[in-house]
Amino acid sequence: MSPTLFSTFPDPDQIADAAEKLRAGHLVAFPTETVYGLGADATNPLAVAAIFEVKGRPRFDPLIVHLYTTADVCRIVSEFPPLAQTLADTFWPGPLTLVLPKRSLIPEIVTAGLPGVAVRIPRHPVALELLRQAGRPVAAPSANPFGWISPTTAQHVRDGLGTAVNCILDGGPCDVGVESTVLSLMDSRPVLLRPGGVSQEEIEAVIGPVQQAIFAEGAGDSAQLAPGMLSRHYAPRTPLVVIERGETALAIPGKRCGLLTEGTRAWQAGFDQIVSLAETADLRICAARFFASLRSLDSADLDVIIAHKFPDNGLGLALNDRLRRASASN
Ligand code: AMP
Ligand code: MG
């Protein structure tokens, strides 16, 4: 875990003010344990439309709705099967999102017209307090321009969205650091739509095998299966090249090269900037530092960033998914 875990807690007045803004239909950026979210009242289509505008997010990319309690979740879904209850008991509050049949209270703009709504109870204390005081479901994607590196500090939100959002709650750096795992319970077999902060192994230890949707190597855009899982996402402006774990990272002669790696991987001299995410292969530390490190490399005036892949298990699956999308060319 990051040592700065929840080091910051906004003034109670600020949270009350933010909750009031949400109820009045305004946008609020707030910390969660995964990344910072850009929230709006999920029952207010105009407020939700502003999220898409400010982010430049395509309307076909549905939003995750954040709630305070499981009882609140049950008010916006038409079914909450025993499987959902088991997952909720184990992983909520936390970085797991479930897709369940929606009720009409949730407008179509939130789900991009889909029959399911994605729901999650975050575990960051500031997010929970905001949700409690707002007293309504809050739709929130990451608080950054669409397609770019996700924000894991309040400063990242300011850097990315500038004056477009005037209410940003600062809860310190996010401790998980990658987005939530998205699991669809719309069919009889659960389907993993996006790897994230809860690993597939952790989920399978509780409910048995789950099917992986579309994030396997080589999968392209698949709007039908999992809208919004675009092949290019989470991307720096600097070209990013991903190499295998066993490969020695080599700087390209004549180019300013950056390296994103863990302490346990091999590289040769010649890099202008090196970020080693963790001295040991602790994937939780790697995940917590991942987006901020990519950002610092992206702002170092480099020609190329080279990144070592992570192991294909646990949080490594989520990190490799982000690396693959961040390095995709479209
Ligand atoms: P984020 O990009 O973190 O806002 O997460 C939203 C992602 O969750 C979308 O891009 C989809 O992949 C997934 N998602 C959200 N809502 C739904 C839904 N109703 N049905 C299927 N997938 C969804
Ligand atoms: Mg996002």
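Residues numbered from 1 in each chain as written. Chains lettered and ligands numbered in written order. Predicted model: local features only at pLDDT ≥ 70, side-chain atom pairs only at ≥ 80, totals over all residues. Heavy atoms only, no water.

*Asks:* Help me out: how do you make sense of the overall build of the protein in this one?
*Replies:* For the protein, the count of helices and strands is 10 helices and 13 strands. Relative to the compact-globule value of 20 Å for 330 residues, the protein shows a C-alpha radius of gyration of 19 Å, a close match. Overall, the C-alpha framework of the protein stretches about 60 × 45 × 35 Å when taken along its three principal axes. Here the protein contributes 28 positive and 34 negative side-chain charges, whose respective centroids are spaced 2 Å apart. (Helix = DSSP H or I, 4+ residues; strand = E, 2+ residues; numbered from the N terminus. Rg over C-alpha atoms; globule rule 2.2 N^0.38 Å. Lys, Arg positive; Asp, Glu negative; His and termini not counted. Charge placed at Lys NZ, Arg CZ, Asp CG, Glu CD.)

*Asks:* Looking at this structure, how should I read the pattern of salt bridges?
*Replies:* Two side chains that carry opposite charge are able to pair once their charged atoms sit near each other. This model, assessed by the stated rule, comprises 14 salt bridges. The shortest N-O distance in the salt bridge between Glu262 and Arg245 comes to 3.0 Å. With a gap of 17 residues between them, Glu262 in the loop between strand E11 (257–261) and strand E12 (273–276) and Arg245 in the loop between strand E10 (240–243) and E11 connect regions that are remote in the sequence. Look at Glu262 and you get buried, because its relative accessible area is 1%. Here Asp272 and Arg256 are joined by a salt bridge, their closest N and O atoms 3.5 Å apart. A residue pair is termed long-range when its members are at least 10 positions apart, and Asp272 in the loop between E11 and E12 and Arg256 in the loop between E10 and E11 qualify at 16 residues. Exposure remark for Arg256: the relative accessible area of 34% places this residue in the partly exposed category. A single network of salt bridges, built from pairs that share partners, joins Glu179, Asp321, Arg322 and Arg325. (Salt bridge = Lys/Arg side-chain N within 4 Å of Asp/Glu carboxyl O. Buried < 20%, exposed > 50% of the residue type's maximum accessible area, 1.4 Å probe, protein only.)

*Asks:* Please clarify how the packing of helix H4 (residues 82–91) against helix H8 (residues 200–207) should be interpreted in this entry.
*Replies:* Each pair of packed helices gets described by two things: the angle between the helix axes and the distance between those axes. Interaxial distance between H4 and H8 falls to 10 Å at its minimum, and their mutual angle equals 125 degrees. One way to sum up the angle between H4 and H8 is to call them oblique. The element H4 and its partner H8 pack so that their crossing is right-handed. For the pair H4 and H8, the contacting residues are Leu83, Thr86, Leu87, Thr90 and Phe91 in the first and Glu202, Ile203, Val206 and Ile207 in the second. The residue inventory of the contact of H4 with H8, partitioned by class, reads 6 nonpolar, 2 polar and 1 charged. (Axes fitted to C-alpha atoms, helices over the stretch in contact; angles between N-to-C directions. Parallel < 35°, antiparallel > 145°, perpendicular 65-115°, else oblique. Left-handed = near helix turned anticlockwise from the far one by under 90°. Contact = heavy atoms within 4.5 Å. Nonpolar A, V, L, I, M, F, W, Y, C, P; charged D, E, K, R; others polar.)

*Asks:* Sorry if this is basic, but what is going on with empty space enclosed by the protein here?
*Replies:* It is a probe the size of a water molecule, rolled over the atoms, that shows where empty space is left. The full count for this structure, using the stated rule, is 1 cavity of 30 Å³ or more. The volume enclosed by the largest cavity comes to roughly 40 Å³. Considering the residues around the largest cavity, the lining is formed by Thr181, Leu192, Pro195, Gly196, Val198, Ser199, Gln200, Gly314, Leu317 and Ala318. Looking at the lining of the largest cavity residue by residue, the class counts come to 5 nonpolar, 5 polar and no charged. (1 Å grid on protein atoms, 1.4 Å probe; cavity = no way out; pocket = protein on both sides within 12 Å on 5 of 7 lines; lining within 4 Å. Points joined across faces, edges and corners; volume = space filled by probe spheres on them.)

*Asks:* Where do I start with the confidence of the model for the protein in this structure?
*Replies:* In low-pLDDT segments, the atomic positions of the prediction should not be examined closely. Averaged over all residues, the pLDDT of the protein is 93; the fraction at 70 or higher stands at 93%. The model gives residues 216–225 a pLDDT under 50, and that stretch makes 11 contacts with residues more than four places away or in other chains. (pLDDT = per-residue confidence, 0-100.)

*Asks:* Can you help me understand the sheet that holds strand E7 (residues 181–184) in this one?
*Replies:* One key point about sheets: their strands pair by backbone hydrogen bonds, in either a parallel or an antiparallel sense. Spatially, E1-E2-E6-E3-E5-E4-E7-E8-E9 is the arrangement adopted by the 9 strands of the open sheet, whose pairing is mixed. Edge positions in the open sheet fall to strand E1 (28–30) and strand E9 (211–212), since each of these has one partner strand only. In terms of strand pairing, strand E2 (residues 37–41) meets strand E6 (residues 138–139) through 2 bridges, oriented antiparallel. The residue of E6 that forms the bridge with Asp41 is Val138. (Pairing = 2+ DSSP bridges.)

*Asks:* Help me out: how do you make sense of the pairing of E11 in this one?
*Replies:* On any regular strand, side chains alternate: one points to one face of the sheet, the next to the other face. Of all 5 residues making up E11, 5 are buried, and the element is well covered by its neighbours. A two-sided burial pattern is seen for E11, the buried positions comprising Cys257, Leu259 and Thr261 on one face and Gly258 and Leu260 on the other. Alignment of E11 against strand E13 (residues 304–308), held across 4 bridges, turns out to be parallel. For Leu260, the partnering residue across the bridge sits in E13 and is Ala307. Where E11 meets E12, 4 bridges bridge the pair, whose relative direction is parallel. Within the sheet, the bridge partner assigned to Thr261 lies in E12 and is Ser276.

*Asks:* Help me understand the side chain of Glu33, please; the structure alone is not making it clear to me.
*Replies:* Of note, Glu33 is situated in the loop between E1 and E2. Among the polar contacts listed, one links the side chain of Glu33 to the side chain of Arg120, at a separation of 2.7 Å. A distance of 3.0 Å separates a polar side-chain atom of Glu33 from the backbone nitrogen of Arg123. For Glu33, the contacting residues outside a window of four places in its chain are Gly94, Pro95, Arg120, Pro122, Arg123, His124, Cys174, Asp175, Val176 and Gly177. (Polar contact = N/O pair within 3.5 Å; in protein donor to acceptor, adjacent residues only side chain to side chain.)

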